[in-house]
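Architecture and fold: a report
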Amino acid sequence: MVKSSAVQTTHVLEKEDKVNATISNDKFKRNEDGSFDLSAAPPFTLQDLRNAIPAHCWQKDMGRSISHLVIDVAIVFAMAFIAYNVNSWMLWPLYWIAQGTMFWAIFVVGHDCGHRSFCNNNTINDFLGHLLHSAILVPYHGWRISHRSHHANHGHVENDESWYPISKNLYDKLEPLTRMGRLSFPLSLLAFPFYLMRRSPGKSGSHFNPSCDLFTPGERNMVITTNACLIAMLAVLTGLTMKFGFGMMVNLYWIPYVINVIWLDVVTYLHHHGPQDGRIKMPWYRGKEWSYLRGGLSSLDRDYGIFNKIHHDIGTHLVHHLFPQIPHYHLTEATEAIKPVLGPYYREPEKCKGLFPFHLISPLFRSLSKDHYVDDSGDVVFYKTDPEFSIFK
């Protein structure tokens, strides 16, 4: 195993008496200072985790899923109706933030459709997924397939699909604008539409191109169908603009769309970057050191306060990454069930101290400031910092 010198920082710094003894602590590999080495292979298997999850957590409840969807859609239309009729500049900023948050909630339900965790009928999954994602200009099948690749290769330096680390050689070759878009603030929080069009650094193609190497020949028609749905949505938006005016549509739709993009980029970035404790670094893998289990264990759970239920517990992410077929309304229970098995491999998220997750600002900015590239070689690597780069450039 080849490791960077940063291995010593991959610790769990909590006291050992917080570690559940389902798997004895002496089975977890330790660093020289006695802390746990979480870049090492764990003493449990994926099947051990699966066995710990209650059987009902795997069950998909169509009625429950539909109820979440109906509530989300009702809130979206109700807020748009109120904002349009009141049309007050005192109300618009609140509307933009609230509606953008609900667009993000809509995205998460569509995301569940893509994972087939919404219901057991894939025709319904795909139908609703197209409606929901097209409404916020996300290519349902294109993104569903690339997101499937992300889950299948999570934690792998080269094979992961989104928010993976850039090797030093590639980092040095990045065009300045690409580097800014990837790492600077606030451009990195607006990355998602550009990712859909051009993917991430080091990869080519587009989520809209049926011939992209993301897709197999058998998936070509799926991408074409999704593109047709997006064209239909753009036609709807054009018609609404002609009826209500450009300025009104900017307020009703486009600014909330941008807020939704910011939510998406922040949440998905923090899924895999920026442990709350700045002394900890997350491992990334290559070659024989990578496995589905070890890659998934590098995911982070977050507490989003009042937004946890609004965006369907998407912050409860580690168990989702390992078992994406579990419905969102069982993720919290499933997480509690596997904690005793995970032991120190579960990085307990810092609790939100109020309604809003201001505590996540620090790890976000710290990660953007320090997590720039990884070594070109090594099967277990950690982010390194470019001292000449500033996230505010």
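What comes next concerns the included structure.

What counts, and at which threshold
Residues numbered from 1 in each chain as written. Predicted model: local features only at pLDDT ≥ 70, side-chain atom pairs only at ≥ 80, totals over all residues. Heavy atoms only, no water. Helix = DSSP H or I, 4+ residues; strand = E, 2+ residues; numbered from the N terminus. Buried < 20%, exposed > 50% of the residue type's maximum accessible area, 1.4 Å probe, protein only. Areas by Shrake-Rupley, 256 points an atom, 1.4 Å probe, with all protein chains shown as cover. Lys, Arg positive; Asp, Glu negative; His and termini not counted. Charge placed at Lys NZ, Arg CZ, Asp CG, Glu CD. Core = buried A, V, L, I, M, F, W, Y, C linked by side-chain atoms within 4.5 Å. Contact = heavy atoms within 4.5 Å.

1. Quick look at the overall build of the protein
Scanning the protein for helices and strands turns up 15 helices and two strands. Projected onto its principal axes, the C-alpha positions of the protein cover 70 × 50 × 50 Å. In the protein, which comprises 393 residues, the proportion classed as buried is 54%. A total of about 17,600 Å² of accessible surface is found on the protein, and carbon and sulfur atoms cover 63% of it. Taken as two groups, the 36 positive and 35 negative side-chain charges of the protein have centres that lie 2 Å from each other.

2. Thoughts on unusual backbone geometry
The phi angle of most residues is negative, glycine excepted, and most peptide bonds adopt the trans form. The step from F185 to P186 runs through a cis peptide bond, and the omega angle for that step is 10 degrees. With respect to the helices and strands, the residue P186 is situated in the loop between α7 (176–183) and α8 (192–198). Its identity as a non-glycine residue notwithstanding, L137 has a phi of 60 degrees, on the positive side. Overall, L137 belongs to the buried group, its relative accessible area being 15%.

3. Notes on the nonpolar core
W104, F107, F192 and Y253 are the most contacted members of the largest nonpolar core, which has 58 residues in total. Breaking this core down by element, the ones donating at least two residues are α2 (62–86), α3 (92–114), α4 (122–135), α5 (140–152), α8, α9 (220–244), α10 (246–270) and α15 (361–370). Sequence-distant contacts of F107, defined by excluding residues within four places in its chain, comprise H133, I136, V138, W143, F192, N260 and L264. If you look at the next biggest cluster of nonpolar residues, it comprises 23 residues, including L49, L322, F323 and I338.

The values are spatial; any link to function lies outside them.
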